[in-house]
Amino acid sequence: MKVDHFKGRKIVGGKARGQALVSPEPICFLGGVDVKTGWVTEVGHCLEGKNIAGKVLVFPIGKGSTGGSYLIFESVENGVGPCAIVNRTVEQVTAIGCIIAEIPMLDQVEPDPIDFIHDGDWVEVDADAGTLRILSNDEARELSESALHGAAAR
Amino acid sequence: MILTDQEKKMLDGEEGYPAQKAMQILVRLGEIYDADRMIPVSKVHMPGSSVVVAGEAGTRLVEKMAAQGGHFKVFTTLNTGAIDMGSWSEIGYSRETHDLQQRLTRAYEKLGALACHTCTPYLIGSVPRLGEHIAWGESSAIAFVNSVFGARTNREGGPSALAAALTGVVPNYGFHRQENRYGQIHVKVATALSGTVDYGSLGYWVGRRTDSKIPVFTGIPKDVTTDQLKMLSAALASSGSVALYHIVGVTPEAADFETAFGGHQPVEVLTFERSGLRESEGLLNKHQNQPVSIVVIGCPHASIQEIESIAKQLDGKKIHDGMELWITAAQPVKAYAERCGFEQTILAAGGRIVTDTCPILSPMGYLAKARNMHALATNSAKLAHYAPGQWGMPTYYGSLEMCIQIAIDGAARTVSLGERHEG
């Protein structure tokens, strides 16, 4: 069965499109992510060696340090943060990070996107509408071309 | 959500920008969690007090609140910072880190905070009572005060604790409400635990299996010490996001099994055996036999009892050439250690008591590189968990006695640790 539309609950409003980065494991930003570069640094974590910059970050729940809120904020201010966060269950440290960083966030998404979305899928989060959607091939091609173009221009 | 007139005034900006911005954050949080109203808090412990966490962006936010006339309405303590405020240059922290940390600390002080810079405010006089509503950050301290004292706090991140301090209130949800404080998972401790390190190993094992659910322990003896509970709390909040646990017959909301679960049945039962100790030790010993360069005790910050036992083990001995021994502690505990003569013994052996900071919240990667440090040895599950990811330092994890012996011998002895549990 192909699933490409998901319904969730708005935690922080806004709309964003980007490639998904999916972690079945909880994430801690302190010691887990280098907020100057966006690389995931937690040894043994399933995302170790991947980069969160500009990604729609999908994971079950935040864990560990309460320093996470400022670190999410800092990563976004540094231009290497996620463009949106989707959690199975909201947890306060992550929620506050998204509120002050002003990036859209959803939780309680049905069906569970961790089962249906893969790394690299182009997705759209519309938190105000409470929706998450895998983009069509045409939309994805357009986005990835403009991303490439943007990279070339830089 | 129903707001009082006073709270509405803050939201409308009548008390200025800081209280308004703070109230906006709290109202948003309240909406997310379906809170009915705000409740007053009596104490705030501020995470995001280190520039390693707050960064330039967080520092600017706190400075803006201070510049715009914000002031803290409740007793507010600061969590661990990024440098030892007294001997930062001697230890080797950079001028840049010092300057940024000074900016952040001064801004918090201007707002009215007490710059104690410790993760264990409960060891230096901030002791909330059973049922007292507070807004605390620092995951280890949250688990400790919720569980051991029965105070009521959610897991406050930096900005939400800042908002609580600026307004004196938090939304009424989560651990502030009785119905959310009952146990969910039963953990049967079926092996003897020794020292503080085994409590860290227990917490680390349980945190990996519970996420944010509330564990209830049975099989932990009534004479469990404050230091053991400190270690258990820190580990539970490192491998998972446990903010509250109960120990039947020990903690105040768990007089008996039924009370701890509020009359409900556990959703899961876990049994902790010797294999659990081995699992945590395996996961936390992240080294390939690299030489140890630094031994760190005091995560969470050391108590006077821990410092006393270190001083006894070090008495008349010297730590090995090229080895560093740090005992991280709160300022008043260091003063106490000096009064009792423990600090002099530690200094004579070549170690030092470092205050206001710790390896997790200081730029340790920079120091490690500058000094060509290799591995770190610690008795703390929390520190052993964070050090490899955050600063790229491999870790040796074992008992306090083993760590001090490593400092003296200049060589790691992980084999003896494994043997202890094989027997």
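Everything below is about the structure printed above this text.
Residues numbered from 1 in each chain as written. Chains lettered and ligands numbered in written order. Predicted model: local features only at pLDDT ≥ 70, side-chain atom pairs only at ≥ 80, totals over all residues. Heavy atoms only, no water.

## Comments concerning the overall build of chain A
As a reminder of what qualifies: Strands are runs of DSSP state E lasting at least 2 residues, helices are runs of H or I lasting at least 4, and numbering of each runs from the N terminus. Here the globule rule is a power law, 2.2 Å times the number of residues to the power 0.38, and the radius of gyration is based on C-alpha atoms. For every residue, the accessible area (1.4 Å probe, protein chains only) is compared with the maximum for its type, and the residue is labelled buried under 20%, exposed over 50%, or partly exposed between those bounds. Here, residues are in contact when the closest pair of their heavy atoms is within 4.5 Å. Calculation of accessible area relied on Shrake-Rupley with a 1.4 Å probe; when residues are assessed, cover is drawn exclusively from the protein chains displayed. The charge count includes Lys and Arg as positive and Asp and Glu as negative, but it does not include His or the ends of the chains. The location of each charge is read from NZ of Lys, CZ of Arg, CG of Asp or CD of Glu.
Each helix and strand in chain A was counted, giving four helices and seven strands. Its C-alpha radius of gyration of 14 Å places chain A within 12% of the 15 Å reference for a compact globule of 154 residues. The dimensions of chain A, computed from C-alpha atoms along their principal axes, are 40 × 35 × 30 Å. Per-residue burial over chain A gives 58% buried out of 154 residues. Looking at chain A alone, contacts between residues at least 24 apart form 69% of all its contacts between residues at least 6 apart. Taken as a whole, chain A presents about 6400 Å² of accessible surface, with 51% of it coming from carbon and sulfur. Where the 14 positive side-chain charges of chain A centre and where its 22 negative ones centre are 2 Å apart.

## With respect to the interface of chain B and chain A
Note the following rule: The term buried area means the drop in 1.4 Å probe accessible area that two parts suffer when joined, counted for both and summed. Each salt bridge in this description consists of a side-chain nitrogen of Lys or Arg and a carboxyl oxygen of Asp or Glu lying within 4 Å of one another.
With 46 residues of chain B in contact, the opposing surface of chain A contributes 32 residues. Buried surface at the junction of chain B and chain A, summed over both partners, amounts to about 2800 Å²; 60% is from carbon and sulfur atoms. It is B:Ile32, B:Val53 and B:Arg155 in chain B that bury the most area against chain A; as a group they hold 21% of the surface buried on that side. Inspection of the region where chain B meets chain A yields two salt bridges. A salt bridge links B:Arg155 to A:Glu91; the shortest N-O distance between them is 2.9 Å.

## Examining the packing of aromatic side chains
All names here are of chain B. Test applied: Aromatic rings from Phe, Tyr and Trp, taking only the six-membered ring of Trp, are treated as a pair when their centres fall within 6.5 Å; an angle between ring planes under 30 degrees marks them as stacked, one over 60 as edge-to-face, and anything in between as tilted.
Under the criterion given, the structure shown has seven aromatic pairs over all chains. When the centroid spacing of 3.9 Å and the interplanar angle of 10° are considered together, the rings of Tyr122 and Phe144 count as stacked. Of this pair, Tyr122 sits in the loop between helix 5 (95–111) and strand 4 (135–136) while Phe144 is found in helix 6 (residues 139–149), placing the two residues 22 residues apart along the sequence. Phe144 shares its class with Tyr122; the two are buried. A centroid spacing of 5.1 Å and a plane angle of 70° characterise the contact between Trp205 and Phe272, whose relative ring orientation is edge-to-face.

## What about the sheet that holds strand 7 (residues 215–218) of chain B?
Within a sheet, neighbouring strands are paired by backbone hydrogen bonds and run either parallel or antiparallel to one another. All names here are of chain B. Put simply, the test is: Note: two strands are recorded as paired if DSSP finds a minimum of 2 bridges between them. Convention adopted: a line fitted to C-alpha atoms gives each axis, helices being fitted over their contacting stretch, and angles between N-to-C directions are expressed from 0 to 180 degrees.
Spatial strand order, 8-7-6-9: four strands in an open sheet with parallel pairing. Two strands lie at the open edges of the sheet, namely strand 8 (246–247) and strand 9 (268–272), each paired on one side alone. Looking at chain direction, strand 6 (residues 185–189) and strand 9 are connected through five bridges and run parallel. In the strand pairing of strand 9, Val187 is matched with Leu270. Sheet contacts for helix 8 (residues 197–210): strand 6, strand 7 and strand 9; angle to strand 9, the most-contacted strand, approximately 150°.

## Focus on unusual backbone geometry
A:Glu110 connects to A:Pro111 through a cis peptide bond whose omega is -15°. Tracing the chain through its elements places A:Pro111 in the loop between strand 5 (105–110) and helix 3 (113–116). Of note, the bond from B:Cys299 into B:Pro300 is cis; its omega dihedral lies within 30 degrees of zero at -5°. Along the chain, B:Pro300 falls in the loop between strand 10 (292–297) and helix 12 (304–314). A positive phi angle, close to 70°, is found at B:Asp356, a residue other than glycine. Mapping B:Asp356 onto the fold places it in the loop between strand 12 (352–355) and helix 15 (364–370). With a phi close to 55°, B:Asn372 is a non-glycine residue in the positive phi region. The topology assignment puts B:Asn372 in the loop between helix 15 and strand 13 (375–378).

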